Amino acid sequence: MSYHHLALAAKDMTAIHEFYEGIMGFELVKVEIAPVMGGGWGKHFFYRMDGDDSRFIAFWELNDTPGQDDYAYDLNKAAKTPQGTNHYSFSVDTLEELESWRKKWNAAGLDVLEIDHNWCHSVYTRDPNGNMIEYCLTTGSFTEADRKRALAALDEREMNASPPPAKMKQWLAAEY
């Protein structure tokens, strides 16, 4: 089973559209306009990812909803969690594809964080809502020892740190 879509509120739908269609290459294919629970109305925009009609990222442009001036659109600010905790990740199939996203984001004026987590390799940037987005390539396989470690961590109450990343680099847009 896979997910159908991730839906998020948009602070500025024009900026979201320019980012997700113009930079990310996701195609806007559908909008649903309807009343919103609790009052007001919204436009629910669906962006098709990779030409797949079963996987979307969607954004709500909310109008006339109670309290909308106080909305937090960055998931971590809204949840009061540390920066980067809540994020969404898209898959790539090769290191070359991962590198091409890093270059594309830098060329678009976005800073990029690259991390080789020892079992996956990722690049991260932020969307116009301030949310961290990631492209990730799985580079390792999972062993029974990995599973045992994960199960043991369920009960741990003190930090028993994983090995540090093999690589961590900040790619500032101004440098590229």
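Residues numbered from 1 in each chain as written. Predicted model: local features only at pLDDT ≥ 70, side-chain atom pairs only at ≥ 80, totals over all residues. Heavy atoms only, no water.

**Student:** Let's hear about unusual backbone geometry: which residues, and what values?
**Tutor:** Positive phi, close to 60°, is recorded for Lys80, a residue that is not glycine. Structurally, the position occupied by Lys80 is in the loop between α2 (75–79) and β5 (87–91). At Asn118, a position not held by glycine, the phi torsion is positive, near 80°. With a relative accessible area of 40%, Asn118 lands in the partly exposed category. (Helix = DSSP H or I, 4+ residues; strand = E, 2+ residues; numbered from the N terminus. Buried < 20%, exposed > 50% of the residue type's maximum accessible area, 1.4 Å probe, protein only.)

**Student:** Quick one: what's the story with a nonpolar patch on the surface, residue by residue and with numbers?
**Tutor:** There is a patch of nonpolar side chains on the surface, built from Val31, Ile33 and Trp41 and spanning about 260 Å² of accessible area. As for its position among the elements, Val31 is in strand β2 (residues 27–35). On the basis of relative accessibility, which here comes to 33%, the residue Val31 falls in the partly exposed class. (Patch = residues over 30% accessible without salt bridge, like charges linked within 9 Å, V, L, I, M, F, W, Y side chains within 5 Å. Areas by Shrake-Rupley, 256 points an atom, 1.4 Å probe, with all protein chains shown as cover. Salt bridge = Lys/Arg side-chain N within 4 Å of Asp/Glu carboxyl O.)

**Student:** Go over the nonpolar core with me, naming the residues and quoting the values.
**Tutor:** If you look at the biggest cluster of nonpolar residues, it comprises 27 residues, and the most contacted ones within it are Tyr20, Met24, Phe26, Ile57, Phe59, Trp105 and Tyr135. The set of elements that each furnish at least two residues to this core consists of α1 (13–23), β3 (41–49), β4 (52–63), β5, α3 (95–107) and β8 (132–138). Broken down by element, the residue count for this core peaks at 5 residues, all from α1. Setting aside anything within four residues of it in sequence, one finds Phe59 in contact with Leu8, Ala10, Met13, Ile16, Tyr20, Lys43, His44, Phe45, Tyr47 and Asn129. (Core = buried A, V, L, I, M, F, W, Y, C linked by side-chain atoms within 4.5 Å. Contact = heavy atoms within 4.5 Å.)

**Student:** Got a sec to walk through the packing of aromatic side chains? Specific residues and values, please.
**Tutor:** Evaluation of the coordinates by the stated rule reveals 13 aromatic pairs. Here Tyr71 and Tyr73 contribute two aromatic rings whose centre-to-centre distance is 6.2 Å and whose plane-to-plane angle is 75°, an arrangement assigned as edge-to-face. The class of Tyr71 is partly exposed, set by a relative accessible area of 31%. Between Trp119 and Phe142, the ring centres sit 5.5 Å apart and the planes meet at 55°, which makes this aromatic pair tilted. A residue pair is termed long-range when its members are at least 10 positions apart, and Trp119 in the loop between β6 (112–116) and β7 (120–126) and Phe142 in the loop between β8 and α4 (144–153) qualify at 23 residues. An aromatic cluster of three or more residues is present, and its members are Phe19, Tyr20, Phe26, Tyr47, Phe59, Tyr88, Phe90, Trp101, Trp105 and Tyr135. Positioned above the aromatic ring of Trp171, the side-chain terminus of Arg102 is 3.6 Å from the ring centre. The lysine or arginine in question, Lys169, covers the ring of Trp171, its NZ or CZ lying 3.8 Å from the ring centre. (Phe/Tyr/Trp six-rings, centres within 6.5 Å; stacked < 30°, edge-to-face > 60°. Lys NZ or Arg CZ within 6 Å of the ring centre and 35° of its normal.)

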